[in-house]
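Below are the chains, spelled out letter by letter.
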Amino acid sequence: MAKNAKFAWGIDVGNCALKAIKLALAPEGVEVVDFAVIEHEKILSQPEMLPEQKHQLVSEALDKFLDEHDTSGSSIVVAMPGQTSLSRFIPLPPVEAKRIPDLVKYEAVQQIPFPIDEVEWDWQTFQEPDSPEVEVGIFAIKSDLVKRALSPFAKAGCIVNTVQVAPMALYNFLKYDKQSLSNIKGDDAIVTLDIGAESTDMVISHGNRIWARTINIGGNHFTAAVQKAFKLSFSKAENIKRTANTSKYARQIFQAMRPVFSDLAAQIQRSLGFYSSSNRDVNYKEVLALGSAMKLPGLVKFLQQSLSLPVKRLDNFETAQISPEISITEFNSHLPGFGVAYGLALQGIGLANINCNLLPREIVAQAVWKRKKRWFIAASATFVLSGALSMALSKTQASSIEKAENEPMQQVAVASDAVRNNSSKENELKSQIEDLNKKMDDYKKYYDSRTLPIHVYEAIKSCLPGPVHTKDVNQLRLYEALTRGDIVNLTSIPRGQREQVYLSRIQIIYTDDLSQPISTIIAERGKSGMESRGSLGLGGGGGDEMMMDGMGMDGMGMGMGMGMPGMDGMGGPGMGGPGMGGMGMPGGGGNAGPTVASGSKAKGFVIVIEGATPNRKGRAWLSPPEVKLERDKWGFITRLANLGRPDKDLKEVELNKNAPIPDTDYQKQQSAAAESLPFDVYTEGDTPKAYFDDSEGDYISVESGTVPKGIGVKKEKEKLMGRAQPARGLGGGSIKELEELIDPLTGETISAVYAEENGVTKVVDNQPVLINNDYWFRVQFKVKIKDQVIEEAPQAAPAQTTKPAGLFGG
């Protein structure tokens, strides 16, 4: 991309039309000097449309565009759909600037769910003024998708300079043009919706942060609803949808589309709830609506009522000037669909905030060669001419060189003395650099393949409650309801009886010395650990979905189903909360397990897990007492405490050595699975010690300050109840109402709340009665990589901690 280009075309090829804007640099900013909207003869996303037909229709629209508009001398920037791309925003640990590219490449390998040589990817760093914290944005798309999208351009002879993903182009437009976005402060946020034919790009602009998700609902879903209701062809249904407002059957048409209205609003609300769960203080100011689908009568009003936020349709550009040669009336009729094209053109003239380029590498190389080819020819001619001139100048140059060489030699001598005087400092710095490089290489040895962290992650997943761990008919019905997304049947089972676990945080930190205290490892290496944070509901059903920060990716779930919206990328390593003492096996006595010989150093991982459970038995269900070797009676934490341990190892553990091993298929399968893991739970010495630790858990309370972030969505009680109700009690005085945390999937309250009688807070002994709901918990432990013991000098014993009165104590 030529950042100094004076003109740029932003081209957004959608399913309904090709939309393009040409921007020019002007003294006052930018000016729209040309635009184009060329509708395809057929909507590309129709079910009966073949790939070859789509390619032909795009080529025809592009040929028409090139025939009618001048692209010479302009930078060409093209968009790729949000649902085909990946965007991640990840905080980086504090490292030297020169090491950032290597660290980013490592992160890219971890984050991109395809082999790195099969994708086009780019990155960009973001840093607040006067802040040492650096965040990196990683953007990727599969190479074959980009090449397929660019093939009509190549066929038409149109040279593309830049490929950008649509949500980031949308953000570039908003950041440059919308004053409302520039003026937001603190925790205020603007939500932008760009509803296309097949999907909706949702962008949350929160200060200088950005979060994006693509929702798989668009204008075609409204058309499909009309098609199904009236039994029409897709094209006829599309025409009826566009003219619904003036049709005599308007009521029936909107009634047919109503379920799509509701689904779209629910998905948006769910996404807002997910983002709020990780950013508790965010304050949504307004929703900006773009896209041709926003012309649908009633959609803006419906979203405004559903989201309880002001929704504004894009009806003007605030910063760009419109050329007098452009028909304002025609331009404004298409303006709601120009957001992405505007952002693309801004990048073409160098005024974008996000400047990633996903143009295939071989195309970039060809473009560079074409530009250099003419200079190479000119340089060859110059070389021949310079040969003749060099003979004439050689004598003059010789005398000049002889005169000048003495002075540099003197400078070299002075510099040598300075280096010599600082040699000790230089050697010290070199030694430090070598140590750091060695550690980085050691980390890469275990992370480059991505095998071990994935095994750890999958092992945690296998410990979650689900159909494999129970024969209880009610719980199987619960999991089936979650699989189908059947909220009615899910909530028919009392919340306190559900065997579910919601995980809001999983932190996996590699260390080459497990003998260190957990707190030390977290403090030193936490920021470089592999952490997922947000609110992932697990242990009950299906619907595997995970939402990662910067991108909503359906179908990437972990565990047995969504109880709350997914996860949001990487968070900090801070622990907080109650004390973290050492303890033995939860609920069943300490296990000695595999040991590390004195004088040795073991490599492995520290694992920190935070979450909650609605089960009213809480601690007894998560960590049942006296279960011994009966794996079918183990709880979630019991299974974690015995990761990687087959029955033959458990048999040798103190307190269990005389227990019989059940002869069941489940027992054998679970034991074999444990033995196949490349790691096992770590202990020190020959006796059970602080190998497994859970912090003191409690009921969830908004005001406690100890509940892990990411559990539930905060709601003010009076808003939730739909009425203002200042509770009365204590002699008629006001009682401060507790805010509530809500399960966004079911709408149930999960935090402690005041009991009420007839709208008045219930009081006993002059104190308000508190109703406790879900439990929260935090566990941390170590796992050792099998066969990775490294002989070394004896290490100092780790500091001992006291055992707390833990919720899941043994």
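1. Quick word on the pattern of salt bridges
No. 1: The full count for this structure, using the stated rule, is 20 salt bridges.
No. 2: For K178, the salt bridge goes to E318, with nearest N and O atoms at 3.2 Å. Of this pair, K178 sits in the loop between α4 (166–177) and α5 (179–182) while E318 sits in the loop between β13 (311–313) and β14 (321–322); the two residues are 140 residues apart in sequence, bridging distant segments of the chain.
No. 3: You can call K178 buried: its relative accessible area is 6%.

2. Structural notes on the packing of α4 against helix α11 (residues 339–348)
No. 1: In contact at an axis separation of 7 Å, α4 and α11 are set at 80° when each is read in the N-to-C sense. The angle between α4 and α11 places the two elements in the roughly perpendicular class. Taking contact as the criterion, the partners of A166, A169, L170, N172, F173, Y176 and D177 in α4 are, on α11, G339, V340, Y342, G343, L344, L346 and Q347.
No. 2: Residue classes in the contact of α4 with α11 are distributed as nine nonpolar, four polar and one charged.

3. Looking at the sheet that holds strand β1 (residues 7–13)
No. 1: Pairing in this open sheet of six strands is mixed, and the strands run β8-β4-β1-β2-β3-β14 from one edge to the other. Only two strands of the sheet have a single neighbouring strand rather than two, namely β8 (162–165) and β14.
No. 2: Across four bridges, the pairing between strand β4 (residues 75–80) and β8 is parallel. Of the residues in β8, the one forming a bridge with V77 is T162.

4. Regarding the sheet that holds strand β10 (residues 200–206)
No. 1: The strand order across the open sheet built from five strands is β11-β10-β9-β12-β13, with neighbouring strands paired in mixed fashion. Single-partner strands in this sheet number two, and they are β11 (209–215) and β13. Along the sheet, successive strands turn relative to each other by an average axial angle of 20°, direction set aside.
No. 2: Bridge count for strand β9 (residues 188–195) against β10 is seven bridges, and the pairing is antiparallel. Among the inter-strand pairings, T192 is bridged to a residue of β10, identified as V203.
No. 3: Of the strands in this sheet, β9, β12 (283–290) and β13 are in contact with helix α9 (residues 299–307), which crosses β13 at around 160°.

5. A short note on the side chain of S74
No. 1: Along the chain, S74 turns up in the loop between α1 (51–68) and β4.
No. 2: Classification of S74 by relative accessible area gives buried; the value is 12%.
No. 3: Apart from the residues lying within four places of it in its own chain, the contact partners of S74 are F7, A8, W9, K22 and N161.

6. Thoughts on the packing of aromatic side chains
No. 1: Going through the model one piece at a time under the given rule, you end up with 17 aromatic pairs.
No. 2: Ring centres of F261 and F302 lie 5.4 Å apart, and the angle between their planes is 85°; this geometry places the pair in the edge-to-face category. With F261 in helix α8 (residues 250–278) and F302 in helix α9, this pair connects stretches of sequence that are 41 residues apart. For the pair formed by F261 and F302, the shared burial category is buried.
No. 3: Aromatic rings pair up to connect F35, F173, F317, F331, F338 and Y342 into one cluster.
No. 4: Above the face of the F7 ring, K22 is positioned so that its terminal group lies 5.1 Å from the ring centre.
No. 5: Positioned above the aromatic ring of F114, the side-chain terminus of K142 is 4.7 Å from the ring centre.

Here is what the cut-offs are and how they apply
Residue positions are given per chain, counted from 1 along the sequence in the order it is written. Totals for whole chains, interfaces and linings use every residue, but because this is a predicted model, local features are given only for residues with pLDDT of at least 70 and side-chain atom pairs only at 80 or more, for both listing and counting. Think of the side-chain values as coming from all heavy atoms in the structure, minus any hydrogens and water. We define a salt bridge as a contact between a side-chain nitrogen of Lys or Arg and a carboxyl oxygen of Asp or Glu at a distance within 4 Å. Where helices and strands are cited, they refer to DSSP runs of H or I of at least four residues and of E of at least two residues respectively, numbered from the N terminus. For every residue, the accessible area (1.4 Å probe, protein chains only) is compared with the maximum for its type, and the residue is labelled buried under 20%, exposed over 50%, or partly exposed between those bounds. Whenever a helix is involved, its axis is fitted only over the stretch in contact; in every case the axis is a line through C-alpha atoms, and angles between N-to-C directions fall within 0 to 180 degrees. The cut-offs work like this: below 35 degrees is roughly parallel, past 145 is roughly antiparallel, 65 to 115 is roughly perpendicular, and the gaps in between are oblique. The contact rule is simple, with two residues in contact once any of their heavy atoms fall within 4.5 Å. Each residue is assigned to one class: nonpolar for Ala, Val, Leu, Ile, Met, Phe, Trp, Tyr, Cys and Pro, charged for Asp, Glu, Lys and Arg, and polar for all the others, Gly among them. Two strands pair if DSSP finds at least two bridges between them. Any two rings among Phe, Tyr and Trp, with Trp reduced to its six-membered ring, count as a pair given centres within 6.5 Å; such a pair is stacked if its planes are under 30 degrees apart, edge-to-face if over 60, and tilted if neither. Counted as over-ring charges are cases with an Arg CZ or a Lys NZ within 6 Å of the ring centre that also lie within 35 degrees of the ring normal.

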